[in-house]
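Understanding the architecture of this molecule
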2 protein chains.
Amino acid sequence: MPQSERMQQLAPVLAWIDSHRDAALTHLQQFCRQPSVAAQNWGMEEMAKMVEASLSELGAATQIIATEGYPVVVGQLAGDSARRLAIYNHYDVQPPEPLDAWSFPPFDATIHDGYLYARGVADNKGNLVARLWAARAWREVYGSLPCHVTFLFEGEEEIGSPHLGSFAAANRDLINADACLWETGYRDAEGALGIYAGVKGILYIELRTRGTAYDLHSSNAPLAPNAVWRLIAALNALRDAEGNILIPHFYDDVKAPSERERELLARFPVNVEAYQKSWESAILPGPSGSQTTPTERLLYAPTCNICGIWGGYSGSGSKTVIPAIAGVKIDFRLVPDQDPQKILGHLRRYLTERGFDDVEVIELEGTEYPGQSPIDTPLLEALVRSARTIYGIEPHVQVRTAGTGPMEALSQRYGIPAIGGAGVGHSESRTHAPNENIRVDDYILNIKHVAALLAEFAAM
Amino acid sequence: MPQSERMQQLAPVLAWIDSHRDAALTHLQQFCRQPSVAAQNWGMEEMAKMVEASLSELGAATQIIATEGYPVVVGQLAGDSARRLAIYNHYDVQPPEPLDAWSFPPFDATIHDGYLYARGVADNKGNLVARLWAARAWREVYGSLPCHVTFLFEGEEEIGSPHLGSFAAANRDLINADACLWETGYRDAEGALGIYAGVKGILYIELRTRGTAYDLHSSNAPLAPNAVWRLIAALNALRDAEGNILIPHFYDDVKAPSERERELLARFPVNVEAYQKSWESAILPGPSGSQTTPTERLLYAPTCNICGIWGGYSGSGSKTVIPAIAGVKIDFRLVPDQDPQKILGHLRRYLTERGFDDVEVIELEGTEYPGQSPIDTPLLEALVRSARTIYGIEPHVQVRTAGTGPMEALSQRYGIPAIGGAGVGHSESRTHAPNENIRVDDYILNIKHVAALLAEFAAM
């Protein structure tokens, strides 16, 4: 089918979406009002049922497939072409804390001034529900989809998809596809979507220190070990003042960008000004002497980030104690070909060698390998073309996003290219943070984008 | 009155105490069951009224004297001699957190296996109530006390006695005395009381850092400043790995022990083994190259102690964020002649000079000057003699305790010697910590000790 015919075919689908804007929005609000915090086991069963019901309503053949954790909800819809597209999303969300930093309650799905505020609305219930509505539009207008679609909706992405790998291994027939549409997408400050063919991996650990058997009166400080000071000593061993990670062999498997990747880096730089304006802070300088651009650091640098630290008294006023225990949560974002298990081994050996064998290292659920698909794959081209059609703005293409996901476990391992970038988010969506939000208009545009994408992909 | 006559006079008082053991214990439990957490404004008014009622019941002329914070409760009892003893205690307690670390609820005053468990029982409701019972015993047996006594019970010791100085300045007639019996006392692992003539000062601050305007998704870590890493950088500037404080001029006014003080240090060393057994950890080594003993470090070394640290996510499981804000609470224990306000100035200048002008320095209520009374003062001798009488174990005398109190503001400034060491605590009393406790027998012994002390002091 030539391009002009595809556009003609698409027009009524887009019109249908416009005329069902309110219903699609209400549906998303319903999803956002159901808490589904995997880390806190909050509302997960109800959410899985809601997802399954929505897939059934769409006419999909549905399955709720149990795992050792939360189930994967699968929906299959037949299409007019032989092309098979898997669509990956997750129905779990990050914890909403700190609650008092939200302007609107995190599970109220408040619409204010053209924005919808809710935990998970950008990451990634907005995407999940938009994709259902894109499929629905095709079915309502034409009775079927341009290609076969399998929705793969897991419930553990925000805790690191610990069981998606075994689900994929046990359900090869379900995950099999010509390509997989990945979960998220964000528009930058100029409105351009970022298209990506890979994700970083992650190793999430806790370090815990113990000083004395119980909190002591702080008058004992000249003699008594303090768990917090000890924790800080261990943290100092991990990273230098410029952010370089000091664990031996940490960088061994990190690769520099290829020529082609350097071209993309130069062509689609991140908007540093927009970040700085949104964050109300300057971005970090790179390590001194390094020539890397902010875009390269963002996408190619592995990290050692403190997600949280605690120890002793943090209430109002003063309490004079020597904390007996302290802890820190750290995520290492890893790039190809860093192996999280090897990194964990390096970390443990290093702490022991440096005399920190008293520091407990706990691996939390959520370890993920970096995932990388080829850039030259039809789904990427389909995403770019459909983005041009719907947004009229050239999308930005990079080899990967700075985020993480189970791309390796669900797709790369089986030779299925996975591409992301179609999504409802924008550069100030505040994912994982208070006041997570999307623009309502972006939600509708994303439904249209995915609808267009299905036709493009089917035609390839 | 010669010593033998004093002993004869004392015997019925001690017998009366033994026969009122249960009532005295019940009275203490009543005090412990009333929360009085100054830092959290919890139960303070009720507690002040309970203190005043107990003083009235004792026959004292009472006053509840308002301050800008919690009131000072004063009780005056006339005595048979011209000697005037002030008795200083506080009716507030530390916050009970962390609650789940208590074996018995902190305000239940549970008696178990000869121990009484409660927040504040050792620090220092046990002392306060015991002193009331010592006075009561004299009045019940002889109708009056051996000397004039003025009880000065404040409600803000655990938040640094911010208003006791202005109370003292405005009530010179009330605080005036030949000497002041200080608040606490603890028996070491061998049962010996520690007598002290001074207290350390304290400067209590919070440092706060801010990275971005809100918590970010941690995929931004290569570019976004992290408030916790920033806080750790600032903390590294304060102290080296051996615990030496790096603030310029911090040690300028610190004095080495005198000859006489060195004798006391050598004669009454702290029991390192007992500490290590109780704490289940080795004590800290001194700075490398230093020849100081643990006793000298404990009593003569100023400290920079982290009381609590927080930032980001500390809940269950994982959350991948870059914390926007972080904070730490620090107490500096200061020795003569360190001036907390000068130290605070040094700290602020130093942080600015080191490039940490983004780090907010907040002085919390509780700043106190070091207090030091002369060792050669009658009250100290009276404490030692009466301790020998009641405990049969030679008490340990040191120039000061490692703890802090408003000795300078209430006594030293007006030339009134203040001596501490009569108390209900023991080396594992866990003051400021979960499972704070005293031995019930030590409570009764302390009542007797104070009763004996009154006679000794009156005779000097």
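Since the model is a prediction, treat every value here as computed from it, not as a measurement.

Further remarks concern the overall build of chain A. Looking only at helices and strands, chain A has 14 helices and 21 strands in total. Whereas a compact globule of 460 residues would reach a radius of gyration of roughly 23 Å, chain A reaches 23 Å, a difference of no more than 12%. Each principal axis of the C-alpha atoms in chain A carries an extent, and together these give about 80 × 45 × 45 Å. Burial analysis of chain A (460 residues in total) assigns 63% to the buried set.

So, on to the packing of aromatic side chains. Under the counting rule described, the total for this entry stands at 20 aromatic pairs over all chains. With a centroid separation of 5.9 Å and 45° between ring planes, the pair formed by Phe-250 of chain A and Phe-332 of chain A is classed as tilted. With Phe-250 of chain A in the loop between helix 7 (227-238) and helix 8 (259-267) and Phe-332 of chain A in strand 15 (residues 325-334), this residue pair connects regions lying 82 residues apart in the sequence. Between Phe-250 of chain B and Tyr-251 of chain B, the aromatic rings sit 5.1 Å apart at their centres with planes inclined by 85°, giving edge-to-face as the arrangement.

So, about the domain arrangement of chain A. Residues and elements named next belong to chain A. The domain boundaries assigned to chain A delineate domain 1 (3-199 + 370-458) and domain 2 (201-266 + 295-363). The straight-line distance from the C-alpha centre of domain 1 to that of domain 2 is 33 Å. Contacts between the two partners involve 13 residues from domain 1 and, on the opposite side, 16 residues from domain 2. A combined buried area of about 1300 Å² lies between domain 1 and domain 2, and 61% of that area is made up of carbon and sulfur atoms. On the domain 1 side of the contact with domain 2, Pro-370, Gln-398 and Arg-400 bury the most area, a combined 47% of that side's loss. Across the domain 1-domain 2 interface, the total number found is 1 salt bridge. Across the domain 1-domain 2 interface, the total number found is 4 residue pairs in polar contact (both at pLDDT 80 or more). Residues belonging to the side of domain 1 that touches domain 2 are distributed by class as follows: 6 nonpolar, 5 polar and 2 charged.

On to the sheet that holds strand 5 (residues 115-117) of chain B. Residues and elements named next belong to chain B. Ordered in space as 4-5-21, the 3 strands form an open sheet in which the pairing is antiparallel. Only two strands of the sheet have a single neighbouring strand rather than two, namely strand 4 (110-112) and strand 21 (437-439). When the angles between neighbouring strand axes are averaged without regard to direction, this sheet yields 25°. Judged from the 3 bridges that link them, strand 5 and strand 21 form a sheet pairing that is antiparallel. The partner of Leu-116 across the bridge, within strand 21, is Ile-438. Contacts from helix 2 (residues 21-33) reach strand 4, strand 5 and strand 21, with the element oriented near 20° to strand 5. Where helix 14 (residues 440-458) meets the sheet, its contacts fall on strand 4, strand 5 and strand 21, and the angle it forms with strand 21 comes to roughly 70°.

Attention now moves to the packing of helix 1 (residues 3-19) of chain A against helix 14 (residues 440-458) of chain A. All names here are of chain A. One can describe the packing of helix 1 onto helix 14 by two numbers: an axis separation of 10 Å at closest approach and a directional angle of 150°. Here helix 14 runs roughly antiparallel to helix 1, going by the angle between their axes. Considering the relative orientation of helix 1 and helix 14, their crossing is right-handed. Contacts between helix 1 and helix 14 involve Gln-3, Arg-6, Leu-10, Val-13, Leu-14, Ile-17 and Asp-18 from the first element and Ile-444, Ile-447, Lys-448, Ala-451, Ala-452, Ala-455 and Glu-456 from the second. A breakdown of the residues in the contact of helix 1 with helix 14 according to their chemical character gives 9 nonpolar, 1 polar and 4 charged.

It is worth spelling out helix 12 (residues 378-391) of chain A at this point. One turn of an α-helix holds 3.6 residues; hence residues three or four places apart share an orientation. Residues and elements named next belong to chain A. Compared with an ideal rise of 1.5 Å per residue, which puts 14 residues at 20 Å, helix 12 spans 20 Å between its outermost C-alpha atoms and is within 8% of the ideal. By the burial criterion, the buried members of helix 12 are Leu-379, Leu-380, Ala-382, Leu-383, Val-384, Ser-386, Ala-387, Ile-390 and Tyr-391. Positive backbone phi, approximately 70°, marks Gly-392, located one or two places after helix 12.

Residue and element names in this part refer to chain A. Between helix 2 (residues 21-33) and helix 4 (residues 121-142), the least distance of the axes is 10 Å, while the angle of their chain directions is 140°. Looking at the two axes, helix 2 sits oblique to helix 4. Crossing angle aside, the handedness with which helix 2 passes helix 4 is right-handed. Where helix 2 approaches helix 4, its residues Ala-23, Ala-24, His-27, Leu-28, Phe-31 and Cys-32 are matched on the opposing element by Val-121, Lys-125, Gly-126, Leu-128, Val-129, Leu-132 and Trp-133. Looking at the contact of helix 2 with helix 4, its residues break down into 10 nonpolar, 2 polar and 1 charged.

The next point concerns the relation of the copies chain A and chain B. Mapping one chain copy onto the other needs a rotation about an axis and a shift along that axis. The two copies are related by a screw operation: chain A maps onto chain B through 180° of rotation and 0.1 Å of translation along the axis, at an RMSD of 0.1 Å. On this basis, the relationship between the two copies can be described by a two-fold rotation axis. Scanning chain A for the C-alpha nearest the rotation axis identifies Trp-310 of chain A, at a separation of 2.3 Å. Of the interface residues in chain A, 100% have counterparts in chain B that sit at the interface too, so the contact is made through matching surfaces.

The subject of this paragraph is unusual backbone geometry. With an omega dihedral of -10°, the bond running from Asp-123 of chain A to Asn-124 of chain A counts as a cis peptide bond. Topologically, Asn-124 of chain A is positioned in helix 4. In this structure, the amide linkage connecting Pro-336 of chain B to the following residue, Asp-337 of chain B, adopts the cis form with an omega of 0°. Summarising the element assignment, Asp-337 of chain B is placed in the loop between strand 15 (325-334) and helix 11 (340-353). At Asn-41 of chain A, a residue that is not glycine, the phi angle is positive and equals roughly 50°. Checked against the element boundaries, Asn-41 of chain A lands in the loop between helix 2 and helix 3 (44-57).

The rules behind the values
Residues numbered from 1 in each chain as written. Chains lettered and ligands numbered in written order. Predicted model: local features only at pLDDT ≥ 70, side-chain atom pairs only at ≥ 80, totals over all residues. Heavy atoms only, no water. Helix = DSSP H or I, 4+ residues; strand = E, 2+ residues; numbered from the N terminus. Rg over C-alpha atoms; globule rule 2.2 N^0.38 Å. Buried < 20%, exposed > 50% of the residue type's maximum accessible area, 1.4 Å probe, protein only. Phe/Tyr/Trp six-rings, centres within 6.5 Å; stacked < 30°, edge-to-face > 60°. Domains from an automatic or database assignment. Contact = heavy atoms within 4.5 Å. Buried area = accessible area lost by both parts, 1.4 Å probe. Salt bridge = Lys/Arg side-chain N within 4 Å of Asp/Glu carboxyl O. Polar contact = N/O pair within 3.5 Å; in protein donor to acceptor, adjacent residues only side chain to side chain. Nonpolar A, V, L, I, M, F, W, Y, C, P; charged D, E, K, R; others polar. Pairing = 2+ DSSP bridges. Axes fitted to C-alpha atoms, helices over the stretch in contact; angles between N-to-C directions. Parallel < 35°, antiparallel > 145°, perpendicular 65-115°, else oblique. Left-handed = near helix turned anticlockwise from the far one by under 90°. Expected span 1.5 Å × (residues − 1). Least-squares fit on C-alpha atoms with pLDDT ≥ 70 in both.

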